[in-house]
Every structure is written in structure tokens, then in C-alpha cells.
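Chain residues, written in single-letter form:
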Amino acid sequence: MSAAQAKQKQATPSSVDAVVVGAGFSGMYLIHRLRKMGLSVQAFETGSDVGGTWYWNRYPGARCDSDSVHYSFSFDKDIEQEWSWSERYSPQPEILKYQQFVADKLDLRRNIKFDTRVAETVFDESTNKWTVTTDAGDNVTCRYLIMATGCLSNSRMPDMKGMDSYKGDVYHTGQWPHEGVDFTGKRVGIIGTGSSAIQAIPQIAKQAKHLTVFQRTPNYSLPAQNHKLDPEYVAEVKANYPELREAARWSAGGMPRPVPTKSALEVSAEEREAAYRKAWEGGGADMLGVFTDIATNKEANETAAEFMRARIDEIVKDPAVAEMLKPYDYPIGTKRICIDIDYFETYNRDNVTLINVKKDPIQELTPEGLRTGEQEFEFDAIVFATGFDAMTGALTSINIKGRGGDTLKEAWAAGPRTYLGLMSHGFPNMFMITGPGSPSVLSNMTTSLEQHVEFVTDYIEKLDAKGVVAVEPDLKAQDDWVDTVNEVAKMSLHTDDSVNSWYLGANVPGKPRVFMPYIGGVGAYRQICNDVAANDYEGFNETLPGATAQGTSAMAGQSA
Ligand code: NA7
């Protein structure tokens, strides 16, 4: 069924076994697994087709920063063998095409209602069912509610003075027009220098008459060294997929990668430089993994940061611009590392200007452009590459009401509280895929989301076999897991006082400073989940018919 056909089939059932929210990679795999188990499924998706992140993020230069051959589904051998990636880091259109290919192949769209946003979900303690209400007027009850809402799906516009006064075109990288944007001959301003901006800036600069980049925090960015994939290499990967995928499942970051054995501080300066240079020339994020302690030891980290700054000096011709582009204030890798194609080189173009808005902050948007403390700018278009309310935003923007009418937003006011990133106490029968407290954004997402989908669906199968009517995490198990996530995070530089990352919620004014993903590694996390399952799903409270659920309010345990 095509997306257009799916849209014509407007009627949704009033009751199903499972509602899936979101039809990106996670939602797609969930629909497939749940259907195979014989459950009835209704999915809702705000976009007009499958894709999630790759449906929305269509800005020029958007591409994956995990190797494409590994950033893909591993659960279906036919899909794995039939699809061939054309580039090392595939561009957004190719990834979206892949997702559409999977949707066709597995006939997923017949269970998805597109162009529909889930507005509210309410748990009824008397029936142990959720009622899901959408902005299109649907009301569906379900036994299981599964949030496949993505970690970076709630894009954020900063609250700037004069937003409504600006008369030119306004874009957000995470909500890019489907028809594309032609910047030819235009004066363009771009706000932000995170991953999205770093991918978009070189592309926009090639078109625009002039591009002005407003940088608040310089970012560490490594060259992708992207290239077309040799068909022989692709064939070799396909032949070795079983071993490669298994290695990815037990790795730290969800990719088959060599494991470092030496500290950056135990080798000579020459050996260190050679290792960094080899990784730099090899491309991608590998440089952060050549020594054991780049993520944990400031002195070791500084050796990598210094190598990176020296490369900026080499690439950028104007020393003052090079200096502005160099990050000094926080350790490398603690804000999401960026992977670029000709990012620093772009500042050698005559039509690109870099403005330091930490020194000279943006005061307001004006009808013609924007004004900093020292300068006025006129633009035909302003691009906001200002990121997302990451990890929790997509969940807390839905009015999720659990036991006793408590909302997830209130329950997470001081930071997200989950057991294994999979469930939250007080919200029975609601699972999350790659939720806060799981490796998610610190890993190759497809590896992590497959593990989650498989854990959740296997568990649902067991719950149904036992006749369980309600399941939720034990409060103590959840508190212990939150403590574990925090303790592991403290061992890394990611939580250093100098760091203001979206992992910590620092990009959203008022959001509590909590390190949200589990940094212990994909393999370690998988082992914990396997042990939990083998131990009769310890930490989850199951309620049988007729018994009273032992749950307490979602608001309990918040100070733990
Ligand atoms: P990011 O990484 O959150 O980047 C957002 C950028 O926007 C970052 O440079 C911010 O500066 C900047 N920003 C945000 N608000 C403002 C205001 N008000 N003024 C000036 N600059 C601002 O989002 P991306 O979309 O680039 O990437 C998100 C993830 O998507 C990425 O890591 C990949 O995993 C895919 P700041 O650093 O906060 O000073």
C-alpha cells in the first residue's frame, strides 16, 4: 500500500491490542513484529509517510553520520541483501527511499494513519487500557501503548524578540520544505553551528549570494571523508553481515569497531599524532575511539582537541576566523561530535561571514533581518539550525496521563525517570523505544532500536501468555536505574561543568540539567536487559486479572 492509498483508508479501529506512536525506524519495526505475533496494531504518524527523522530533516547536506551499511535494519535477511547503499554516509533522500522500500516490502502502511498527531493518551485503571486521542479526532483504546517518537523529533525555535516582525523567509533545519529551497542570489543568515548547520552551511554557501553564520559555541567537527561505495566492498559487507551485526550488538557504540587498548597519555607524542592523523584521514568519528581515555580523562581529551584545532588552523586561511572556529571551552566529544564535508573549508569563501554571537549576542529579529548589539543585518532568508528539545520533548509534548491522572510532563519535571529507558513508573503498559536512560543517541540508532523493539515485543508475548493485564516498573528498580545512569555518566567528561549539551538538556531554557542517555555502552546495556529478562523480568511489576495493581503515583521517588 502506498502512502496515498494509506491516506484514503481514513477509518481507524476503536480498539486494538497496541497503538504505536511514530513511523520512523522504530515504529516501522514495531508494526512488523507486533503483527507477526498476531496482535492488532494501529500506528499514528504526524508526517505524510514513513521515515521519522529522515522524513523531516531535508535540509541541504542532510546525511547520516553512522556508516550506511551499519545504519540499517538487520532483522530481515532479504532486505539486508536486496538493498545496496551508494555512499559511505548516505544522503537523506537515499535513507528515506530505503525506509519506503522497507515499508513497501513489509506492507507496513496499511496499519499507519498519516498526517495525524497523537494529542493525548489516558490510562484507565479500571480496564488497564489506554485511550489514545489524535488531532484528527481518533479515539482508540489499546492494551499496550508504545512510543516510537524519536529522540530528535521535537524541533526548537529560540524565543527571540521580534520573531513575528521579520518579513523574509524563515526555515528550521528540522522542518525543511519538501519542495526544497533555492537560495540562488539570496542573502542568507543561519543561526547555530551544530550538526545540522555544519552539514547545511557548505551547501547553502554554494548557492547563496552571501551566507552569514551566527555561531554561539564553536563545534568540534571531523571530516566525513565520504565517498561512493565500491560494489565489491558492499558485496563483502553483505557476505559478512551476520558477524558484523553481532559485533555491533555487543559493541560500545552499536557499530563494529576496533576496541582501543592504550591511553592517549601512555604513548609518545609522535605515536599519538600518527594515530589521530590516521583516524582523521580515515574519516568519521573514529578519532574519538583511538585511545581508551579520550572520553574520561581531561588531559587525554585535550590531546585530541588540540589535534583538531591544529587542523582548523591548517584549513582556514584567515587566522582570526580560524581562531573563532576553534572550541576551547569544553572537552571534545562531550557535545555531539559533528561529521562534515568541507565545513571549515567553506569559511575560505568570499561569500561567507562568521559572527560570534557569544561575544555580540543577537538582540532581535527586525523586519529586514536581525540585529546584534553591534551590527544590523539584512537577509532574504533566515535558517534556524537551533536543534531540538531532545530525548524528552516528543514525549512530554503529548498529554500522557498515567495512573491517578498524573502526567508524564509533571512526573519528569526534574528530569526523566525510567527503568532501562523502556518504561516509567506510574505509566503502566506504556513502553518507550530508545527512551531516556537507554544508550539511544550515544549509539548507532538502528542497532539500539532493534534491541528495544525485540525486548518489548518479546516481553509483551510473555505477558500475554501469562495473562498479565498491567505491567510497570517497580519504583525502587526505576530509582536504582536512574542512579546507575547518573553514576556511569559521572565517570565521563560528558557531565563536566564546562559542558552545555542537548544530552544534558542545556539547550532548552528551564530544562533540568540531567544527563539523559545511558553511557555504559550498547553491549553492556544489552547484557543488563538480557539478565533482567532471564531473571523473570525483575524490576517489572506484573498484575494478573482480579489482583490490584501495586503501583504508586508517578510523582513518587522524584527526589531519589
Ligand atoms: P544542535 O546540535 O542542538 O545545534 C543547535 C545549534 O544552534 C547550536 O550551535 C546552538 O548553540 C545554536 N543555538 C540554539 N539556540 C540559539 C540561540 N538562541 N542563539 C544562537 N545560537 C543558538 O542541533 P542540530 O540540529 O545541529 O543537531 C542535533 C542532532 O541531530 C545532532 O547532534 C545529530 O545527532 C542529529 P549552542 O551550542 O547551544 O551554544
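Residues numbered from 1 in each chain as written. Predicted model: local features only at pLDDT ≥ 70, side-chain atom pairs only at ≥ 80, totals over all residues. Heavy atoms only, no water.

**Student:** Explain the overall build of the chain to me, please; I cannot follow it from the model alone.
**Tutor:** Secondary structure assignment for the chain yields 17 helices and 20 strands. If one aligns the C-alpha atoms of the chain with their principal axes, the spans along those axes are about 75 × 55 × 50 Å. Sequence separation of at least 24 residues holds for 73% of the intrachain contacts in the chain that already meet a minimum separation of 6. About 22,500 Å² of surface is accessible on the chain, with carbon and sulfur atoms providing 49% of the total. (Helix = DSSP H or I, 4+ residues; strand = E, 2+ residues; numbered from the N terminus. Contact = heavy atoms within 4.5 Å. Areas by Shrake-Rupley, 256 points an atom, 1.4 Å probe, with all protein chains shown as cover.)

**Student:** How should I be thinking about the sheet that holds strand β8 (residues 187–191) in this particular structure?
**Tutor:** Within a sheet, neighbouring strands are paired by backbone hydrogen bonds and run either parallel or antiparallel to one another. Spatially, the 5 strands line up as an open sheet ordered β7-β16-β8-β9-β12, and their pairing is parallel. At either margin of the open sheet sits one strand with a lone partner, and together these are β7 (169–172) and β12 (352–356). Between one strand axis and the next, the sheet turns through 20 degrees on average, direction left out of account. Where β7 lies against strand β16 (residues 381–384), 4 bridges are found, and the strand directions are parallel. (Pairing = 2+ DSSP bridges. Axes fitted to C-alpha atoms, helices over the stretch in contact; angles between N-to-C directions.)

**Student:** Explanation requested: the pattern of salt bridges in the structure shown.
**Tutor:** Note that side chains of opposite charge can pair when their charged atoms are close. Scanning the entire structure with this criterion turns up 36 salt bridges. In this structure, R109 and D49 form a salt bridge, with 2.8 Å as the shortest nitrogen-oxygen distance. Remark: D49 occurs in the loop between β2 (41–44) and α3 (53–56) and R109 occurs in the loop between α5 (92–105) and β3 (112–113); sequence separation between them is 60 residues. There is no split in this pair, since R109 and D49 are both buried. The salt bridge involving R187 is made with E378; its shortest N-O contact spans 3.3 Å. In this pair, R187 sits in strand β8 while E378 sits in strand β15 (residues 376–378), placing the two residues 191 residues apart along the sequence. On the accessibility criterion, R187 (29% relative accessible area) is partly exposed. In this structure E378 comes out as partly exposed when scored by relative accessible area, which is 49%. (Salt bridge = Lys/Arg side-chain N within 4 Å of Asp/Glu carboxyl O. Buried < 20%, exposed > 50% of the residue type's maximum accessible area, 1.4 Å probe, protein only.)

**Student:** Looking at this structure, I do not really get the sheet that holds strand β13 (residues 362–365). What am I missing?
**Tutor:** Spatially, the 3 strands line up as an open sheet ordered β13-β14-β15, and their pairing is antiparallel. What marks the edges here is a single partner per strand, and that holds for β13 and β15. Along the sheet, successive strands turn relative to each other by an average axial angle of 20 degrees, direction set aside. Note: strand β14 (residues 369–372) against β15, 3 bridges, orientation antiparallel. Bridging from a neighbouring strand, L370 pairs with F377 of β15.

**Student:** Sorry if this is basic, but what is going on with the layout of surface pockets here?
**Tutor:** Over the atoms, a rolled probe matching the size of one water molecule traces out where space is still vacant. Empty space within the second largest pocket amounts to approximately 280 Å³. Together, 18 residues line the second largest pocket, and D389, T392, T396, K409 and K511 are the ones closest to its centre. Here the lining of the second largest pocket is composed, by residue class, of 8 nonpolar, 7 polar and 3 charged. (1 Å grid on protein atoms, 1.4 Å probe; cavity = no way out; pocket = protein on both sides within 12 Å on 5 of 7 lines; lining within 4 Å. Points joined across faces, edges and corners; volume = space filled by probe spheres on them. Nonpolar A, V, L, I, M, F, W, Y, C, P; charged D, E, K, R; others polar.)

**Student:** Sorry if this is basic, but what is going on with the site of the ligand here?
**Tutor:** Neighbouring the ligand are 18 residues, the closest being T193, S196, R216, T217 and K335. Separating an oxygen atom of the ligand from a backbone N or O atom of S195 is a distance of 3.0 Å. Between the ligand and W502 there is a distance of 3.4 Å, counted from an oxygen atom to a side-chain nitrogen or oxygen. Isolated, the ligand exposes 780 Å² of accessible area, and the fraction of that covered by the protein chains is 86%. In the shell around the ligand, the residues fall into 7 nonpolar, 8 polar and 3 charged. (Near = heavy atom within 4 Å. Polar contact = N/O pair within 3.5 Å; in protein donor to acceptor, adjacent residues only side chain to side chain.)

**Student:** Hey, could you run me through the nonpolar core in this one?
**Tutor:** Generally speaking, a soluble globular protein has its nonpolar side chains buried in company with each other. By size, the foremost hydrophobic cluster in this structure holds 126 residues, and its most contacted members are F183, I190, Y347 and F540. When residues in this core are grouped by element, the largest group, 8 residues, is from helix α15 (residues 445–466). For this core, the domains that each give at least three residues are domain 1 (3–154 + 390–468) and domain 2 (169–381). What I190 contacts, discounting residues up to four positions off in sequence, is A197, A200, I201, I204, L211, T212, V213, F214, V383 and A385. In this structure, V19, V21, F44 and I398 belong to the second largest nonpolar core, which totals 21 residues. (Core = buried A, V, L, I, M, F, W, Y, C linked by side-chain atoms within 4.5 Å. Domains from an automatic or database assignment.)

**Student:** It is not clear to me how helix α2 (residues 25–36) should be interpreted in this structure. Could you clarify?
**Tutor:** With 12 residues, α2 should cover 16 Å at 1.5 Å per step; its first-to-last C-alpha distance of 17 Å lies within 8% of that length. Within α2, 10 of the 12 residues are buried, which leaves it mostly tucked inside the rest of the structure. Within α2, burial applies to F25, S26, G27, M28, Y29, L30, I31, H32, L34 and R35. Directly after α2, the chain includes G38, whose backbone phi takes a positive value near 90 degrees. (Expected span 1.5 Å × (residues − 1).)

**Student:** When you look at unusual backbone geometry in this model, what are you seeing that I'm missing?
**Tutor:** With the exception of glycine, the majority of residues adopt a negative phi angle, and the majority of peptide bonds are in the trans configuration. The phi torsion at D342 lies on the positive side, around 60 degrees, for a residue other than glycine. Relative to the helices and strands, D342 resides in the loop between β11 (338–340) and α12 (343–346). The class of D342 is partly exposed, set by a relative accessible area of 44%. For D536, which is not a glycine, the phi torsion comes out positive at approximately 55 degrees. On the basis of relative accessibility, which here comes to 54%, the residue D536 falls in the exposed class.

**Student:** Hey, could you run me through helix α10 (residues 298–315) in this one?
**Tutor:** With 18 residues, α10 extends 26 Å from end C-alpha to end C-alpha; this agrees with the ideal 26 Å at 1.5 Å per step. Buried within α10 we find A300, N301, T303, A304, A305, F307, M308, R309, R311, I312 and I315. At its buried positions, α10 is contacted by β10 (221–223), α9 (269–282), α11 (319–325) and α12. If you check the start of α10, you find a side-chain oxygen 2.8 Å away from the backbone N of E299, and it comes from N297.

**Student:** Is there a simple way to think about the domain arrangement of the chain in this case?
**Tutor:** Bring the parts together and some accessible area is lost; that lost area is often taken as the interface size. On domain assignment, one finds that the chain holds domain 1 (3–154 + 390–468) and domain 2 (169–381). Put simply, the middle of domain 1 and the middle of domain 2, counted by C-alpha atoms, are 29 Å apart. In this assembly, 32 residues from domain 1 lie in contact with 38 residues from domain 2. Carbon and sulfur atoms make up 48% of the area that domain 1 and domain 2 hide from each other, which totals about 3,100 Å². Per-residue buried area on domain 1 facing domain 2 is highest for Y59, H70 and R88; these three make up 22% of the total on that side. One salt bridge in this structure joins R336 and D65, with 2.9 Å as the shortest N-O distance. Applying the counting rule to domain 1 against domain 2 returns 25 residue pairs in polar contact (both at pLDDT 80 or more). Elements that contribute at least two residues to the side of domain 1 that touches domain 2 include exactly α3 and α4 (77–82). Split into classes, the residues belonging to the side of domain 1 that touches domain 2 amount to 12 nonpolar, 12 polar and 8 charged. (Buried area = accessible area lost by both parts, 1.4 Å probe.)

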